[in-house]
Amino acid sequence: MSKSNSFVRPATGPNSTCPPVEQWDDWVEYDSRAWPRRVQKRYMLVPTLCFNCEAACGLLAYVDKETLEVRKLEGNPVHPGSRGRNCAKGPATVNQINAPDRILHPMRRAGARGEGRWERVTWDSALDDIAARIRKALVEKRPNEVMYHVGRPGEDGYVQRILQAWGIDGHNSHTNVCSAAARTGYAFWMGDDRPSPDYANARTILLISAHLETGHYFNPHAQRIIEGKQRGAKLIVFDVRLSNTASVADHWVTPWPGSEAAILLAIAKILLDTGRINRAFVETWVNWRDYLAALRPDLPVTFDAFLESLRAEYAQYTPEFAEAESLVPAATIRELAEEVARAGTALSTHIWRSAAAGNEGGWQIARAVFLLNVLTGSVGSVGGVSPNVFHKLTPAPFAKPPAQDSWNTLTWPEDYPLAHHEMSFAMPHLMRERGHHLEVYFSRVYNPVWTNPDGFTWIEVLRDEAMVGCHVALTPTWSETAWWADYVLPMGHGSERHDNQSQETHAGTWVGFRQPVTRVARERLGLPVDDTRLSNPGEVWEEGEFWIELSWRIDPDGSLGIRKYFESPYRPGEKVSIEEYYRWMFENSVPGLPERAAEEGLNPLAYMKKYGVFEVRRNVYEAMQHERPLPESDSARVDDSNIVRDASGRAIGVAAGGRRLVGFPTPTRKLEIYSATLAEWGWPEHATPGYVRSHVHHSVLARDRGEFALVPTFRLPVMIHTRSNNAKWLVEIAHTNP
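The paragraphs below set out a description of the structure included in this document.

Reading the values: rules and limits
- Residues numbered from 1 in each chain as written.
- Predicted model: local features only at pLDDT ≥ 70, side-chain atom pairs only at ≥ 80, totals over all residues.
- Heavy atoms only, no water.
- Core = buried A, V, L, I, M, F, W, Y, C linked by side-chain atoms within 4.5 Å.
- Buried < 20%, exposed > 50% of the residue type's maximum accessible area, 1.4 Å probe, protein only.
- Helix = DSSP H or I, 4+ residues; strand = E, 2+ residues; numbered from the N terminus.
- Contact = heavy atoms within 4.5 Å.
- Expected span 1.5 Å × (residues − 1).
- Polar contact = N/O pair within 3.5 Å; in protein donor to acceptor, adjacent residues only side chain to side chain.
- 1 Å grid on protein atoms, 1.4 Å probe; cavity = no way out; pocket = protein on both sides within 12 Å on 5 of 7 lines; lining within 4 Å.
- Points joined across faces, edges and corners; volume = space filled by probe spheres on them.
- Nonpolar A, V, L, I, M, F, W, Y, C, P; charged D, E, K, R; others polar.
- Phe/Tyr/Trp six-rings, centres within 6.5 Å; stacked < 30°, edge-to-face > 60°.

## Considerations on the nonpolar core
So, step 1. Counting residues in each nonpolar core, the largest one holds 72 residues, and the members touching the most others are I208, L264, F306, I351, F370, L372 and L671.
So, step 2. Top contributing element to this core by residue count: helix 8 (residues 260–274), with 11 residues.
So, step 3. If sequence neighbours within four positions are ignored, F306 has contacts with V282, V286, W288, Y291, L292 and I673.
So, step 4. In terms of nonpolar packing, the next biggest core, distinct from the first, is built from 68 residues, V78, A126, M491 and L605 among them.

Here's what the structure looks like:
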């Protein structure tokens, strides 16, 4: 089911000419700008991770050994996700770090908010002010008045640990205006909200896309889609535009926006009616007994009765019905059904934003597309789709704080009980209507004034000091949101910071290490620094060290119970360094890394500094079939649905084939075609995968008078939201129909 890594595997094929690892300390190239003279340049190649989308592809920074300047960034050939191949956003990091208008020093507002008057301040001055405000809010039992609002985290769990150490429910994200709808559909199915397709080994690939896999999420996916096609896979793309992705499809389908679920359920009906389903998989791994108990108690509790009921439920979704809804010909829908049936257990599907984000009921599109994976048994299989937890590893840090015991109704309002991720787009409206106040508001890699609906309402709230006491923008660049801040604090780009990150790029698991490359280069030269500001341009810092220092100043004497989480695990009572944080993590929380590092005579941190990544496992399939470890005093029982339950009745596994297996991270440990959660919270009509007509369905538009549906999820795939206006190369290659 999975195989552990025992060696570093460099890329082969197109990247076999990448500099070999043993020459990374002293790599020689000719200076292209000196032509026709042959002038040698000597570089240190330092691995890091790209920070220009969530894929965390590997980069190699070429650091000039004479000047310690980063001359260029190329792909890291030993990175198992990106394999040395990067999209344009990775190499363009060099534009960002050398941008003439980037923020290099801490700035404080010197006039009214939005007036545009700023003054330079010291880091100490900014930290003391911000720490005092947060401490006062915590001492006065106002934990919900401190908020961290992030767009692109670029790390796994670091800031969540900070906020939990402070004891606050202060995390906010942009996800509810991005991928939350699709994530909702996946979460109700499998408990995890992100799919991990195995494109390279698929027989059929189905993308519901706005140029999905080359635009944002992920370049490693795009590589493997092409590999799958080269091996004979058929590519189906649902996209209203002839994007680059659609242009290489075997079937380019242009449904009316929001009607995709009707097509998908028509395909499901054909599979059910013709018996081309994976009966054994569905019977073992789907909560069909719950379905019958809730929806068809009149039927015998047998799998055949379940299939009979399912065929009846989806009988209305004929190809002709789907044609009327989507305007895609019924004959085409039948062709798509044949491609899906042909795939068997090797069907890879994916939806992220696209139709799910832009339409009422869009979350059911994700439910409907994953239904095809469930019916064909292509979940956890070779060429299928897995929950991302099968392929992603988030290593535990030292001294992990307990979860916060407060509930922030500004981000999680009680009247939206099933909101998937924070209701961030509603934040300024909730603040105005319900009297919320924020003492300290951090915005990071996020520009809600531009990105979110109703940016002028955001401006009204951000300029009002009665609603936002202190706005701290953590950013390397100016933005429409930073303009309304009280402090603008310069944070590093991907080559100027530490982070650990792992992503579901393929059927394997890896952990990547983002690191400040000039700091590492100095260390190799025997010129180490203990503060990333000393190696970055100007006074640019990194969040990792910033949060440690801020937390230390919030609780200098330990009386708030915060300081203990920032004391070194190696030097008791002293402040932890960023290197100690990752040293402990890599020594204790990444399976196989200490052993692999020892084989090279390195400690785990030195190994990660050298390679920038560690491959934990390869060929990870059917992880739900791992044995469930049970304590010796186990009192677990197996119920009539073959669900293993502990003494409290909580589902902890699935009994199958005489074994107790871990199953999926759902309330029943099975894939939930029937969601008791939706039913119990008041939406029983949506408890199974279904079709919700979009608010822009063609029947409600006066098309004869020129009304048409706008597609709101389009974005330039080579751009980075609003963070790449200082990336010259990306601006040059951007165009209006990628």
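## Comments concerning helix 6 (residues 219–230)
So, step 1. Between its first and last C-alpha, helix 6 extends 17 Å over 12 residues, near the 16 Å set by a 1.5 Å rise per residue.
So, step 2. Among the 12 residues in helix 6, 9 count as buried, and that is most of the element.
So, step 3. Along helix 6, the residues classified as buried are N219, P220, H221, A222, Q223, R224, I225, E227 and G228.
So, step 4. Looking one or two residues beyond helix 6, the residue adopting positive phi is G232, at roughly 110°.

## A few points about the side chain of R497
So, step 1. Along the chain, the position of R497 falls in the loop between strand 18 (487–489) and strand 19 (499–501).
So, step 2. Within the structure, the side chain of R497 is placed 3.5 Å from the backbone oxygen of G492, a separation counted as a polar contact.
So, step 3. Setting aside chain neighbours within four positions, we find R497 in contact with F51, R444, G492, R514, Q515, P516, E542 and E543.

## Focus: the layout of surface pockets
So, step 1. Volume-wise, the second largest pocket comes out at about 990 Å³.
So, step 2. If you trace the second largest pocket, you find 37 residues lining it, with P153, Q160, H171, R183 and H421 closest to the centre.
So, step 3. Mapped by element, the contributors of at least two residues to the lining of the second largest pocket are strand 8 (146–150), helix 3 (158–166) and strand 9 (171–173).
So, step 4. Class assignment of the residues belonging to the lining of the second largest pocket gives a composition of 7 nonpolar, 18 polar and 12 charged.

## With respect to the packing of aromatic side chains
So, step 1. Scanning all chains against the criterion turns up 31 aromatic pairs.
So, step 2. Each ring, one from W166 and one from W547, has its centre 5.9 Å from the other, and the planes form 65°; the classification is edge-to-face. On the criterion of sequence distance, the pair formed by W166 in helix 3 and W547 in helix 20 (residues 543–554) is long-range, its members being 381 residues apart. Like W547, W166 is buried.
So, step 3. Judged by centre distance (6.0 Å) and plane angle (45°), the ring pair of Y314 and Y317 falls under tilted.
So, step 4. Relative accessible area serves as the criterion here: at 1%, Y314 is assigned to the buried category.
So, step 5. Judged by relative accessible area, Y317 falls into the buried class, the value being 7%.

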